[in-house]
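Chain and residue survey
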2 protein chains.
Amino acid sequence: MAAEADCAHVIIIIAMKEEAAPLVEFYRLEPLGSSPFIEPSPMVAWRGTLRNGLLLHVVWCGHDERFGVNNVATTAAAVSTYAAVAAFGKPALLLSAGTAGGFGQRGARVGDVYLSTKCVFHSRRIPVSDGTLEEYGFGHFRSPPLAGLAAAAGLKQGVVSTSDSLDCTPTDMDLMMAEGAVVKEMECAAVAWVCQNLHVPFVAVKSITDIVDGQKATRAEFESNLHAASSALQHRLAAVLDLVAGRPLSVWARGPHATYANEREAEASPMSAHTSHDFKQGSSPWSGQRKSADSLSGNSILAIAMFLGMVTLLSRRR
Amino acid sequence: MAAEADCAHVIIIIAMKEEAAPLVEFYRLEPLGSSPFIEPSPMVAWRGTLRNGLLLHVVWCGHDERFGVNNVATTAAAVSTYAAVAAFGKPALLLSAGTAGGFGQRGARVGDVYLSTKCVFHSRRIPVSDGTLEEYGFGHFRSPPLAGLAAAAGLKQGVVSTSDSLDCTPTDMDLMMAEGAVVKEMECAAVAWVCQNLHVPFVAVKSITDIVDGQKATRAEFESNLHAASSALQHRLAAVLDLVAGRPLSVWARGPHATYANEREAEASPMSAHTSHDFKQGSSPWSGQRKSADSLSGNSILAIAMFLGMVTLLSRRR
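Residues numbered from 1 in each chain as written. Chains lettered and ligands numbered in written order. Predicted model: local features only at pLDDT ≥ 70, side-chain atom pairs only at ≥ 80, totals over all residues. Heavy atoms only, no water.

Chain A carries the name Nucleoside phosphorylase domain-containing protein in an unreviewed UniProt entry, which gives Prymnesium parvum as its organism.

In structure tokens form, the structure reads like this:
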């Protein structure tokens, strides 16, 4: 088996401009216009090389030309993913990033940011033939094992479930519960389908704006929390990007401080509790250091994370 | 306004191998392998130049590498569409072709083949903000006006509604009824989204395998009628391709014999009744002439169709 390459290039696919903006601003990414795609595609791309050497492309799915809204949901996300890989080449890692609903009964809280363990489609119901088409429908797109990364970057982990609808019918709820979903959103499984087919490592990073099984109305909760959740997303993405740069992804397969949403709360992990607290207080370790990617390189979180990654690597069982 | 170009290139996107095979065999199309796409994409493409000069690309969405099933539903169809345009250039017309369910209460019968007037997503429910996101969700992808083509090629016309599910929940049914859908399937609106964004003319051609609001189980009805409906699809597609080749699409905007599913039955149109009868009897005007595209060029249906097209063109009101 060939040695795994170090991570030198990451592509991030984002559905909403509001979700993309904090990341573009933080890294002062350069806009590429729509030229890398078939004209006149709606997608918008930005590029930057971080001081740690990582080449980063951020692709926003763009606006709908008739209704002036963000191109949310699976179709635009899947096309953007294929188009981005066609334009920029296969990255070492492709992320679907954005905001999402979370299941309170499975530990999700507003402001949490999740790393996917697996993505599924809860709205592809194809119960025919011998059951294989039904399983194809759900998708079952497993993410690479990145528990060490989640721990180091202050992320929870769980199953992310995708449909094209913001609402949630009883059928949707039954299927999500059966699949063990903790995050509900509108793009990830479609991006995962493309990545699986192109053999590109994929993981979802989703920031919780609203509690799907909570008391408040999803719409109002989503809108009031969108800005804060997008900011939290940017913080965690910056941590992820700094951690993965220049090392093989397999370094991050396991971590003693990984948190699993269905097993224990974030507070059980000293690392996660630390970063979660920082977010709530508005005093993230990154908060004073947003002007460039460089400022992240030397911080203590990274040193601890690298140590944990090495310990993990050395203790891996094959 | 620039003069509209004659139709010289058509791309057809098809989800199931069983649906693509009759067309590939009929035209003896040449396989291109997966090389025109990002390796290792699952899509499979064929190409041929018909004797009437039309360049034809047929793209099947391929097999799922894990479950061995056809890559049905919207994600694969949308990606295949973008990938096909990237690989082969913008065609004069792009079709989503395949089998579908039809609404009996709106005149659909097994064996009918429909040309879309509009495609919508009945499973993108996004009821937020000022209503624009909700309308974006439904999509409302209008097809070019092709009533003359439908009449000449023996096709019915109607609204095609798309979701990723083979089944039909009460919510789905309510939304399809409200949108005036006569055909229910799993790809068209996603293909239409890509085409609308790339400014490529798009229309769906769908052959009815089962009656969504009928008495039989959809699954059994679909499976027992798949072969016959795929054959009917190939007949109608051959008629469409022969009619559109070398002329602007606008020639086919109107036709005195166009049939609208919600207004009148196919039997009300002498042309549609003729071709419908031929299909049922297995004695289509094309049935003895399948060896190449050439054989379609001189037949009497085409002559009548061209005459109707000219009459239509001359009588158009602007």
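Counting secondary structure elements, chain A contains nine helices and 10 strands. Taking all 318 residues of chain A together, the buried fraction comes to 62%. Taking contacts inside chain A between residues at least 6 apart in sequence as the whole, the part at least 24 apart equals 74%. Put simply, chain A shows about 11700 Å² of open surface, and 55% of that area lies on carbon and sulfur atoms. (Helix = DSSP H or I, 4+ residues; strand = E, 2+ residues; numbered from the N terminus. Buried < 20%, exposed > 50% of the residue type's maximum accessible area, 1.4 Å probe, protein only. Contact = heavy atoms within 4.5 Å. Areas by Shrake-Rupley, 256 points an atom, 1.4 Å probe, with all protein chains shown as cover.)

What follows concerns the interface of chain B and chain A. Of the residues lining the interface, 58 residues belong to chain B; the matching set on chain A comes to 58 residues. Summing both partners gives a buried area of about 5000 Å² for chain B against chain A, and 59% of it is carried by carbon and sulfur. Counting across the interface, chain B meets chain A through four salt bridges. One salt bridge in this structure joins Asp167 of chain B and Arg125 of chain A, with 2.9 Å as the shortest N-O distance. In this structure, the connection of chain B to chain A is made through 24 residue pairs in polar contact (both at pLDDT 80 or more). (Buried area = accessible area lost by both parts, 1.4 Å probe. Salt bridge = Lys/Arg side-chain N within 4 Å of Asp/Glu carboxyl O. Polar contact = N/O pair within 3.5 Å; in protein donor to acceptor, adjacent residues only side chain to side chain.)

Running from N to C, helix H2 (residues 74-88) of chain A and helix H2 (residues 74-88) of chain B cross one another at 40°; their axes reach a closest spacing of 9 Å. Considered as vectors, H2 of chain A and H2 of chain B are oriented oblique to each other. Of the two possible hands of crossing, H2 of chain A and H2 of chain B adopt the one that is right-handed. In this structure, H2 of chain A uses Thr74, Thr75, Ala78, Val79, Tyr82 and Ala83 of chain A to contact H2 of chain B, whose residues at the interface are Thr74, Thr75, Ala78, Val79, Tyr82 and Ala83 of chain B. Across the contact of H2 of chain A with H2 of chain B, the residue classes break down as eight nonpolar, four polar and no charged. (Axes fitted to C-alpha atoms, helices over the stretch in contact; angles between N-to-C directions. Parallel < 35°, antiparallel > 145°, perpendicular 65-115°, else oblique. Left-handed = near helix turned anticlockwise from the far one by under 90°. Nonpolar A, V, L, I, M, F, W, Y, C, P; charged D, E, K, R; others polar.)

Where H2 of chain A contacts helix H6 (residues 188-198) of chain B, the two axes come as close as 10 Å, and the packing angle between them is 55°. Considered as vectors, H2 of chain A and H6 of chain B are oriented oblique to each other. Here H2 of chain A and H6 of chain B pass one another in a crossing that is right-handed. On H6 of chain B, the residues that touch Thr75, Ala76 and Val79 of chain A of H2 of chain A are Ala190, Trp193 and Val194 of chain B.

A word on the pattern of salt bridges. It is possible for side chains of opposite charge to pair when their charged atoms get near one another. For the coordinates displayed, the defined rule picks out 12 salt bridges over all chains. Of the charged contacts in the structure, one is a salt bridge between Asp112 of chain A and Lys156 of chain A, with a shortest N-O distance of 2.7 Å. Of this pair, Asp112 of chain A sits in the loop between strand S5 (93-102) and strand S6 (113-121) while Lys156 of chain A is found in strand S8 (residues 156-162), placing the two residues 44 residues apart along the sequence. Residues Asp112 of chain A and Lys156 of chain A agree in their burial class; the two are buried. Across the pair Glu187 of chain A and Lys206 of chain A runs a salt bridge, and its minimum N-O distance is 3.5 Å. Here Glu187 of chain A is found in the loop between strand S9 (181-185) and helix H6 (188-198), whereas its partner Lys206 of chain A is found in strand S10 (residues 202-211), with 19 residues between them in sequence. When its relative accessible area of 9% is taken as the criterion, Glu187 of chain A is described as buried. Each of Arg125 of chain A together with Asp167 and Asp172 of chain B takes part in a single network of salt bridges with overlapping partners.

Each copy of the sequence occupies a distinct position, and chain B is placed on chain A by a rotation of 180° and an axial shift of 0.0 Å, giving an RMSD of 0.0 Å. These values place the two chain copies in the arrangement generated by a two-fold rotation axis. The rotation axis passes nearest to the C-alpha of Val79 of chain B in chain B, at a distance of 2.6 Å. The share of interface residues of chain B whose copies in chain A are also at the interface is 100%, consistent with both copies meeting through the same surface. (Least-squares fit on C-alpha atoms with pLDDT ≥ 70 in both.)

Attention now moves to the side chain of Glu187 of chain A. A distance of 2.9 Å separates a polar side-chain atom of Glu187 of chain A from the backbone nitrogen of Ala73 of chain A. The residues contacting Glu187 of chain A, other than those within four sequence positions of it, are Ala15, Val72, Ala73, Ala77, Ser96, Thr162 and Lys206 of chain A.

The next point concerns H2 of chain B. Here H2 of chain B is 15 residues long and its end C-alpha atoms lie 21 Å apart, about the 21 Å a rise of 1.5 Å per residue gives. With 13 of its 15 residues buried, H2 of chain B lies for the most part within the structure. (Expected span 1.5 Å × (residues − 1).)

Residues and elements named next belong to chain A. Within the secondary structure, Thr209 is located in strand S10. By relative accessible area, Thr209 is classed as buried at 0%. Of note is the side chain of Thr209, whose polar atom sits 2.6 Å from the side chain of Asp210. Once residues within four sequence positions are removed from consideration, Thr209 is found in contact with Thr99, Ala100, Val110, Glu221, Phe222, Asn225, Leu226 and Ala229.

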